[in-house]
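This is what each chain is made of:
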Amino acid sequence: MKFTRKASAAWKGSGKEGKGSITTGSKVLDKTQYSFHTRFEDEKKGTNPEELIGAAHAGCFAMQLSFLLNEAKYTATTLDVAATVAFEDGAITKITLNLEGDVPEIDAEEFQQIAHKAKEVCPISKLLNTEIELKVTLKNA
């Protein structure tokens with residue numbers, strides 16, 4: 001399978017006082033604002049690159065895990081993934097994926113193994129040059 005996706009960003013003004021917007025090709029994000037304040041402070045109206053990376057990583061990992069579970073003859077009832085992106089001194093230093101899964105008939109050890117494989121082969125994991133920690137909880141264990 002081969003495809004491309006597009007997104008764009010526009011920025012006006014200085015780094016600290018300026019403002020920008022992000023638009024995705026699908027228009028799910030359409031001129032969504034971001035700024036120094038949404039990135040480095042606690043302003044809530046808007047987004048930032050780190051939370052977008054976290055969302056992309058969580059979504060990619062959950063879908064990859066679902067495919068690998070299907071290959072092993074399991075179907076998840078739910079796979080809830082929260083990504084925490086750590087930023088320090090101008091770099092993303094770590095991403096922690098917290099997985100809670102409900103997968104009928106799988107044991108905790110096999111779920112752990114498949115989840116760790118998903119972390120390794122997830123295209124977003126492979127893209128990122130940082131430590132990726134995975135914490136796994138199987139709800140039905």
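On a predicted model such as this, the values are computed, not experimentally measured, just so you know. (Residues numbered from 1 in each chain as written. Predicted model: local features only at pLDDT ≥ 70, side-chain atom pairs only at ≥ 80, totals over all residues. Heavy atoms only, no water.)

Caption draft 1: Expanded view of the side chain of Ser125. Inspection of the secondary structure puts Ser125 in helix H4 (residues 123–127). Contact partners of Ser125, with chain neighbours within four places excluded, come to His57, Lys119 and Ile132. (Helix = DSSP H or I, 4+ residues; strand = E, 2+ residues; numbered from the N terminus. Contact = heavy atoms within 4.5 Å.)

Caption draft 2: The arrangement of the sheet that holds strand E2 (residues 19–24) in detail. Read across the open sheet, the three strands follow the order E1-E2-E3; overall the sheet is antiparallel. Two strands bound the open sheet, and with one partner strand each, they are strand E1 (7–12) and strand E3 (32–35). The mean angle between the axes of side-by-side strands here comes to 25°, regardless of whether they run parallel or antiparallel. Note that E1 and E2 share six bridges and pair antiparallel. Bridging from a neighbouring strand, Ala7 pairs with Thr24 of E2. (Pairing = 2+ DSSP bridges. Axes fitted to C-alpha atoms, helices over the stretch in contact; angles between N-to-C directions.)

Caption draft 3: Spatial organisation of the side chain of Glu50. Relative to the assigned elements, Glu50 resides in helix H2 (residues 49–71). Polar side-chain contacts of Glu50 include one of 2.5 Å to the side chain of Arg39. Look past the residues within four positions of Glu50 in its chain and what remains in contact with it is Arg39, Val85, Phe87 and Ile92. (Polar contact = N/O pair within 3.5 Å; in protein donor to acceptor, adjacent residues only side chain to side chain.)

Caption draft 4: Inspection of unusual backbone geometry at higher detail. A positive phi is found at Lys31, a non-glycine position, where the angle reads about 55°. Relative to the assigned elements, Lys31 resides in the loop between E2 and E3. The backbone of Glu105 shows a phi angle near 70°, a positive value even though the residue is not glycine. Turning to its location among the elements, Glu105 is positioned in the loop between strand E5 (91–102) and helix H3 (108–121).

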